[in-house]
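# Coordinate inspection notes
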Amino acid sequence: MIHLSPDLPKYQAWRRRMVEQLRERGIRDEAVLKAMGKLPRNWFCSDTLLDSFLYDIDMAIAIDCEQTISKPYTVAWQSQLLSLSPMMSVLEVGTGSGYQTAILCEMGGRVYTVERQHALFRKTKELLASLNYHAKCFLGDSFNGVPEMADFTYDRILVTCGAPEIPSGLMQVLKIGGIMVIPVGLEEQRMLRIYKEGEKVSQWRVEDHGDAKFVPMLQGKNF
Ligand code: SAH
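Residues numbered from 1 in each chain as written. Predicted model: local features only at pLDDT ≥ 70, side-chain atom pairs only at ≥ 80, totals over all residues. Heavy atoms only, no water.

Taken together, seven strands build an open sheet; the order of strands is 5-4-3-6-7-8-9 and the sheet is mixed. With one partner strand each, in any of the chains shown, strand 5 (136-139) and strand 9 (204-212) form the two edges of the open sheet. When the angles between neighbouring strand axes are averaged without regard to direction, this sheet yields 15 degrees. Pairing between strand 3 (residues 89-93) and strand 6 (residues 154-159): four bridges, direction parallel. Looking at strand 6, one finds that leucine 91 is bridged to isoleucine 157. (Pairing = 2+ DSSP bridges. Helix = DSSP H or I, 4+ residues; strand = E, 2+ residues; numbered from the N terminus. Axes fitted to C-alpha atoms, helices over the stretch in contact; angles between N-to-C directions.)

A few words now on the nonpolar core. Taken as a class, soluble globular proteins show a tendency for nonpolar side chains to be buried jointly. Ranked by size, the top nonpolar core spans 50 residues in total, and within it Met18, Leu22, Ile27, Met36, Phe44, Tyr99 and Ile103 carry the most contacts. Those elements giving two or more residues to this core turn out to be helix 1 (9-24), helix 2 (30-38), helix 3 (72-81), helix 4 (99-106), helix 5 (118-130), strand 5, strand 7 (174-184) and strand 8 (189-196). Discounting chain neighbours no more than four positions away, the residues touching phenylalanine 44 are Leu39, Ile63, Ile69, Ser97, Gly98, Tyr99, Ala102, Leu127, Leu128 and Leu131. Of all hydrophobic cores here, the second largest spans 24 residues; its members include Val93, Val146, Met149 and Met171. (Core = buried A, V, L, I, M, F, W, Y, C linked by side-chain atoms within 4.5 Å. Buried < 20%, exposed > 50% of the residue type's maximum accessible area, 1.4 Å probe, protein only. Contact = heavy atoms within 4.5 Å.)

This part is about the site of the ligand. Taken together, 27 residues lie around the ligand, and Gly94, Ser97, Glu115, Asp141 and Leu218 are the ones closest in. At 2.7 Å, a backbone N or O of leucine 218 approaches a nitrogen atom of the ligand. In isolation the ligand exposes 580 Å². Once the protein is present, 99% of that is buried. Elements that contribute at least two residues to the shell around the ligand include exactly strand 2 (68-69), strand 3, helix 4 and strand 4 (110-115). Class assignment of the residues belonging to the shell around the ligand gives a composition of eleven nonpolar, twelve polar and four charged. (Near = heavy atom within 4 Å. Polar contact = N/O pair within 3.5 Å; in protein donor to acceptor, adjacent residues only side chain to side chain. Areas by Shrake-Rupley, 256 points an atom, 1.4 Å probe, with all protein chains shown as cover. Nonpolar A, V, L, I, M, F, W, Y, C, P; charged D, E, K, R; others polar.)

Glancing now at the packing of aromatic side chains. Aromatic rings in a pair are described by how distant their centres are and how their planes are angled relative to each other. Under the defined criterion, the tally for this structure stands at seven aromatic pairs. On the basis of an interplanar angle of 20 degrees and a centroid distance of 6.1 Å, the ring pair of tyrosine 73 and tryptophan 77 is categorised as stacked. Taken as a pair, tyrosine 73 and tryptophan 77 lie in helix 3 at a separation of four residues, close to a single helical turn. Grouping residues by exposure puts tyrosine 73 and tryptophan 77 together as buried. Relative to tyrosine 154, the ring of tyrosine 112 has its centre 5.6 Å away and its plane inclined at 70 degrees; by these criteria the two rings are edge-to-face. (Phe/Tyr/Trp six-rings, centres within 6.5 Å; stacked < 30°, edge-to-face > 60°.)

Laid out in structure tokens, this is it:
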């Protein structure tokens, strides 16, 4: 049984302020703002000592396995770049705490999510199910998509860890006409939005949306 800490009135007030700050920072996608205004973040971070940071839009918070739940601003920014419409299929790489996964579900996406850390995969899968989110969770490194979903292609792909380069195996499972949002780079990462206009690399239109900072996208599963 998963114990959910209550969504206290002070959290609700902080969340309203967070949404206002996201608007001031340029987040315009109403579906993103609505989802983030609704979803309690404390359900996804177990350390209640971090209370006052929960809705700080610039604060990433540690979760298990030395990973982090992205800053609210980053979640909003990536979600907005994704241009997600309801009923689209979306693959998230890096389930982590499940917060971003739940936001994509709230936005009406049909969500598939992959995590390489076994402990996080197990815990977050259970949490999302207990919150009634129908995201399908997989354990793997997703450099080539999801082996259990062979031949399936996605309308959108959102990568929440920093890839060394654009993973061509992942591009293969993006539909033509689809969009991938991915931080790329070794020392310095850039947030890229890639429009797949055809199968050939020359038909991938890449937009650079500026600096990014994510934990690295690593190979293999970790037990
Ligand atoms: N979306 C998450 C962010 C978690 S941080 C959230 O909202 O909490 C990024 C996550 O990506 C980490 O949990 C890390 O273990 C995972 N990760 C790193 N490389 C990966 C890979 N190749 N495939 C899947 N997950 C990966």
